[in-house]
Amino acid sequence: MRFYGIPSEDRVLEIIELIREGEWVFEEKGKKEILEAEQVRERLRSIVEEVKSWKISNKHIPSATTFFFVHEPSEPKAFKIYDLSSLGCSNSLVPPRWKVYRKELSL
């Protein structure tokens, strides 16, 4: 499954609004929770606010730093969201802090 980086939190919010239905898996640090579409939109909005606060409080983080990745922005079915521990000089990302995906998918 291919994921696309979303460097703007405003664009992330637009994509979140495209979530309309279905059961979603919200995964954080290995803990999984099943959520309805409205619940997952609320959680994702909360994470967007958290990422915005990281960028404000850590001036060394460029504003276009990408923390959000989505499978198919026009019809989102899965997200991977990384945190500050993902920044650095590595050539690969650490596992995402959050995974959010439709229940029928497996990530």
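Rules and cut-offs
Residues numbered from 1 in each chain as written. Predicted model: local features only at pLDDT ≥ 70, side-chain atom pairs only at ≥ 80, totals over all residues. Heavy atoms only, no water. Helix = DSSP H or I, 4+ residues; strand = E, 2+ residues; numbered from the N terminus. Rg over C-alpha atoms; globule rule 2.2 N^0.38 Å. Buried < 20%, exposed > 50% of the residue type's maximum accessible area, 1.4 Å probe, protein only. Contact = heavy atoms within 4.5 Å. Areas by Shrake-Rupley, 256 points an atom, 1.4 Å probe, with all protein chains shown as cover. Lys, Arg positive; Asp, Glu negative; His and termini not counted. Charge placed at Lys NZ, Arg CZ, Asp CG, Glu CD. Core = buried A, V, L, I, M, F, W, Y, C linked by side-chain atoms within 4.5 Å. Pairing = 2+ DSSP bridges. Axes fitted to C-alpha atoms, helices over the stretch in contact; angles between N-to-C directions. Phe/Tyr/Trp six-rings, centres within 6.5 Å; stacked < 30°, edge-to-face > 60°.

Caption draft 1: Seen up close, the overall build of the protein chain. Check the secondary structure of the protein chain and you find two helices and six strands. In the protein chain, the order of α-helices and β-strands from amino to carboxyl end is β-α-β-β-α-β-β-β. Against the 2.2 N^0.38 benchmark of 13 Å for 107 residues, the protein chain shows a C-alpha radius of gyration of 13 Å, consistent with a compact globule. Across the 107 residues of the protein chain, 37% fall into the buried class. Long-range pairs, those at least 24 residues apart, make up 56% of the contacts in the protein chain with a sequence separation of at least 6. Summed over its atoms, the accessible surface of the protein chain is roughly 6300 Å², and 49% of this surface lies on carbon and sulfur atoms. With 18 positive and 18 negative side-chain charges, the protein chain shows a spacing of 4 Å between the two charge centroids.

Caption draft 2: Local environment of the nonpolar core. With 23 residues, the main nonpolar core has L44, F68, F79, I81 and V100 as its most contacted residues. Put simply, the parts of the chain that give this core at least two residues each are α1 (9-16), β2 (23-28), α2 (37-57), β4 (68-71), β5 (78-81) and β6 (98-102). Top contributing element to this core by residue count: α2, with seven residues. In terms of nonpolar packing, the next biggest core, distinct from the first, is built from six residues, F3, V25, Y82 and Y101 among them.

Caption draft 3: Quick look at the sheet that holds β6. Strand order in the open sheet formed by six strands is β1-β4-β5-β6-β2-β3, with antiparallel pairing between adjacent strands. Where the open sheet ends on each side, the last strands, each with one partner, are β1 (4-6) and β3 (31-36). Going from strand to strand, the sheet's axes swing by 20° on average, the running direction of each strand aside. As paired strands, β2 and β3 are joined by six bridges and run antiparallel to one another. Bridge pairing in β3 places W24 opposite L35. Lying over the sheet, α2 contacts β2, β3, β4, β5 and β6, oriented at roughly 120° with respect to β3.

Caption draft 4: Representation of the packing of aromatic side chains. Evaluation of the coordinates by the stated rule reveals three aromatic pairs. Considering the side-chain rings of W54 and W98, the 6.4 Å spacing of their centres and the 20° angle between planes classify their relative orientation as stacked. Of this pair, W54 sits in helix α2 while W98 is found in strand β6, placing the two residues 44 residues apart along the sequence. Residues F69 and Y82 carry aromatic rings whose centres are separated by 5.5 Å and whose planes lie at 85° to one another, so their mutual orientation is edge-to-face. In this pair, F69 sits in strand β4 while Y82 sits in the loop between β5 and β6, placing the two residues 13 residues apart along the sequence. Judged by relative accessible area, Y82 falls into the buried class, the value being 10%.

These values are about where atoms sit, not about what they do.
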